[in-house]
Amino acid sequence: MKLINILDGLGAYLEMIFRMFVKPQKYSMFFREVFRQMYDIGIGSFGIISIVSLFIGAVTSVQFGNKLMNLGIIPMWWMGGMVRDTVILEMAPTITGLLLAGKVGSNIASEIGTMRISEQIDAMEIMGVNTYSFLIAPKVLGAVLIVPALTTLGMFIGIIGGMISGVLGGYFGQDEYIYGLQDDFNGRYMLIMFIKSFVFPFLISSIASFKGYYVKGGALELGKSSTDAVVLSSIAIVFFNFFIAYFLL
Amino acid sequence: MIEVIGIEKSFQAQRVLKGIDVTFEKGQCNLIIGKSGAGKTVFMSCLVGLIQPDNGQILFDNRDIVKMNHTEKSDLRREVGMLFQKNALFDSMTIEENVRFPLDMFTNMSAFEKKERVDFCLQRVSLMGANDKYPSEISGGMMKRVALARAIVLNPKYLFCDEPNSGLDPQTAIVIDNLIKEITYEFNITTVVVSHDMNSVIEIGDYINFIYQGELWWKGDKKEILKTQNDELNNFVFPSEFMKEIKEVLREGRG
Ligand SMILES: Nc1ncnc2c1ncn2[C@@H]1O[C@H](COP(=O)(O)OP(=O)(O)O)[C@@H](O)[C@H]1O
Ligand SMILES: [Mg+2]
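Residues numbered from 1 in each chain as written. Chains lettered and ligands numbered in written order. Predicted model: local features only at pLDDT ≥ 70, side-chain atom pairs only at ≥ 80, totals over all residues. Heavy atoms only, no water.

### Digging into the overall build of chain B
Filter applied, for reference: Segments assigned H or I by DSSP are reported as helices when at least four residues long, segments assigned E as strands when at least two residues long, and all are numbered from the N terminus. Computation of the radius of gyration draws on C-alpha atoms, with the globule rule given as 2.2 Å multiplied by the number of residues to the power 0.38. The criterion used for residue contact is that any of the two residues' heavy atoms lie within 4.5 Å. Computed by Shrake-Rupley with a 1.4 Å probe, the accessible areas treat only the displayed protein chains as cover when residues are assessed.
Looking only at helices and strands, chain B features 10 helices and 10 strands. What you see for chain B is a C-alpha radius of gyration of 19 Å, in line with the 18 Å of a compact globule of 255 residues. Taking as baseline every contact in chain B between residues at least 6 positions apart, the subset at least 24 positions apart corresponds to 64%. About 11,700 Å² of surface is accessible on chain B, with carbon and sulfur atoms providing 49% of the total.

### Examining helix 3 (residues 78-117) of chain A
Residue and element names in this part refer to chain A. To be explicit about the condition: What a helix should span is 1.5 Å times the count of its residues minus one. One axis is fitted to the seven residues ending at the residue and one to the seven starting there. The bend at that residue is the angle between these axes.
Between the first and last C-alpha of helix 3 there are 55 Å, a value that for 40 residues agrees with the 58 Å anticipated at 1.5 Å per step. Remark: the principal bend of helix 3, roughly 50 degrees, maps to V87. Positive backbone phi, approximately 70 degrees, marks E119, located one or two places after helix 3.

### Quick notes on the packing of aromatic side chains
The condition is simple: Note on aromatic pairs: the rings of Phe, Tyr and Trp (six-membered ring only in Trp) are paired at centre separations within 6.5 Å, and the planes decide the class, stacked below 30 degrees, edge-to-face beyond 60, tilted for the rest. Comment: the charge-over-ring label is applied if NZ (Lys) or CZ (Arg) is within 6 Å of the ring centre and within 35 degrees of the ring normal.
What the rule picks out here adds up to 23 aromatic pairs over all chains. Three or more aromatic residues joined by ring pairs form one cluster here, namely F239, F240, F242, F243, Y246 and F247 of chain A. Positioned over the ring face of Y213 of chain A is R116 of chain A, at 4.7 Å from the centre of the ring. Positioned above the aromatic ring of F90 of chain B is the side chain of R150 of chain B, whose terminal nitrogen or guanidinium carbon lies 4.5 Å from the ring centre.

### As for the pattern of salt bridges
Convention followed: In the sections that follow, a salt bridge refers to a side-chain nitrogen of Lys or Arg positioned within 4 Å of a carboxyl oxygen of Asp or Glu. Only protein chains enter the accessibility calculation, which uses a 1.4 Å probe; a residue whose area is less than 20% of its type maximum is buried, one above 50% is exposed, and one in between is partly exposed.
Applying the stated rule across the entire model yields 22 salt bridges over all chains. A salt bridge links R77 of chain B to E125 of chain A; the shortest N-O distance between them is 3.4 Å. Of this pair, R77 of chain B sits in helix 2 (residues 70-77) while E125 of chain A sits in helix 4 (residues 120-127), placing the two residues on different chains. Given a relative accessible area of 3%, R77 of chain B falls into the buried group. Take E125 of chain A: its relative accessible area is 7%, and that puts it in the buried class. Linking K114 of chain B and D104 of chain B is a salt bridge whose minimum nitrogen-to-oxygen distance equals 2.8 Å. Of this pair, K114 of chain B sits in helix 4 (residues 111-124) while D104 of chain B sits in helix 3 (residues 95-106), and the two are 10 residues apart along the sequence. The class of K114 of chain B is buried, set by a relative accessible area of 13%. We classify D104 of chain B as buried; its relative accessible area is 7%. Shared partners join several salt bridges into a network, and the residues in it are E96, R100, D104, K114, K115 and D119 of chain B.

### Comments concerning the pairing of strand 1 (residues 2-11) of chain B
Residues and elements named next belong to chain B. This is how it is decided: Two strands pair if DSSP finds at least two bridges between them.
Pairing geometry for strand 1 and strand 2 (residues 14-24), over 8 bridges, is antiparallel. Bridge pairing in strand 2 links V4 to V22. In textbook terms, the turn of a hairpin is the stretch between consecutive antiparallel strands, and for strand 1 and strand 2 this stretch comprises 2 residues, one of which, Q12, has a positive phi near 45 degrees. The sheet contact formed by strand 1 and strand 4 (residues 55-60) spans 5 bridges and is antiparallel. Note that in strand 4 the partner of I2 across the bridge is F60.

### Re the environment of K73 of chain B
All names here are of chain B. Mapped onto the elements, K73 comes out in helix 2. Note: C-alpha distance between K73 and E113 (40 residues apart in sequence) is 27 Å. Apart from the residues lying within four places of it in its own chain, the contact partners of K73 are G49, Q52, I65 and M68.

### So, the domain arrangement of chain B
Residues and elements named next belong to chain B. Just so we agree on the cut-off: Domains are outlined according to an automatic or database domain assignment. Joining two parts hides part of their accessible area as seen by a 1.4 Å probe, and the buried area is that hidden amount summed over both.
What the domain assignment reports for chain B is domain 1 (1-79 + 159-222) and domain 2 (89-155). Between the C-alpha centres of domain 1 and domain 2 there is a distance of 24 Å. The interface of domain 1 with domain 2 comprises 16 residues on the first partner and 12 residues on the second. Contact between domain 1 and domain 2 buries roughly 1,200 Å² in total, counting both sides, with carbon and sulfur atoms accounting for 73%.

### Observations concerning the interface of chain A and chain B
We count it as follows: As used in this structure description, the phrase polar contact means that two N or O atoms lie within 3.5 Å; if the pair is within protein, one of them must be able to donate a hydrogen and the other to accept it, and residues adjacent in sequence are counted only when both atoms belong to side chains.
Contact residues are listed per partner, giving 19 residues for chain A and 25 residues for chain B. Our enumeration of links across chain A and chain B arrives at 1 salt bridge. Where chain A touches chain B, the interface holds 9 residue pairs in polar contact (both at pLDDT 80 or more). Contributing elements (two or more residues each) for the side of chain A that touches chain B: helix 3 and helix 4 of chain A. A per-element tally of the side of chain A that touches chain B places helix 4 of chain A first, with 7 residues.

Encoded structure:
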């Protein structure tokens, strides 16, 4: 019974994805929505991602630093590369993804859900607007376009955070760290980061849109659908994160 | 003209619409009245294709919306305006942007032409000088006016109004009703109004259809309502003892 419900939901979700990718009815209106979405996500999440990345980078560095210092057999300039790879592979894309699942996921679900329960979506449908392509597609496209930039930002700030805490903690000097950053750089890791930073926002925005679009009832259900959106997209992120790592690393 | 033939709709075991046949005339206000839960909103949703009926045909000047796919429906809907029970104004847009939205979406008018058309429609519903306000900043009556202006901005052939009076005081309700009626005549629209609120909406009904327990129970005009012997209709239109007495007095008075 439960399984059937899940499969049903998955089917409806895939149908939504399928319906969303049609030619926009009016390009100017469509791209206005895409840019609005990019702006909202970019400006809205810039601050939180910077702060969190800075401290995650910092704590990564301190923890590695502690371990290596005690071990005493590895040169401390290695730290640059270790922090770099950890940040690129996991911290920047996954932390950004999870943060955005909370912030953007709940925003999108409640925005679309409000439009659903106040009949605004019906009103658009009656006007002849294809609401899948006008309401949902720009959110997904906007998220997929802006999040790689946010992730890249998070990556730089994380690496800088690692340097600041490492230098202040006396684990290495700035020059050593920068030397380590350049050592043995694996371009494949960057590729994996970018794959994640496309896949995660796609999951977040489409799952949140789905939860909002199909909400029924009133304010209570709206709140629940927005929470569901956050929980489901977070689970989807860690799930896909694992598989991307498993198959691509 | 819209012809409805044998529309049926069930939700699980509950038969909400049990085969409704009715015709809505062009250039007229066609009313659908009935108690809460009678199936009015479901019927209206079938008419505009938001709900797929189980059986029957709905012919918009001989085009059956029941058989249409999503794209065909979208095309037909450019000819449809609708006034929603909860107004359904876009709350992230100003009044002007709300009314302009269908023009932005479906026409290639210049900014100037759009502005002219929007102002014309807002003027038609007697709502000027509120262009830059947001829906949350205006009264219920004004929201209805905006919704009506938005519904007519693309010059619809068909206009649907679900409970146009809900949430309005009686005087404002009558103003909105009269607007709907004037616009219907002026632009020769096929208008369908759904309401449970007899007292106000009856004013504007050229044709009145009474839905009772999912069936079309009675049809006629407002003069015939006074004479009707139909118990269910009588109980609906004259629910209180006091109203029943008024009806008796009226009848005797007219001999
Ligand atoms: N989507 C739906 N699913 C199940 N039952 C519904 C649905 N929509 C309406 N109904 C039922 O259909 C009946 C008629 O509802 P409705 O058309 O909204 O009445 P009203 O005449 O007050 O507008 C009600 O009993 C309602 O519970
Ligand atoms: Mg209703």
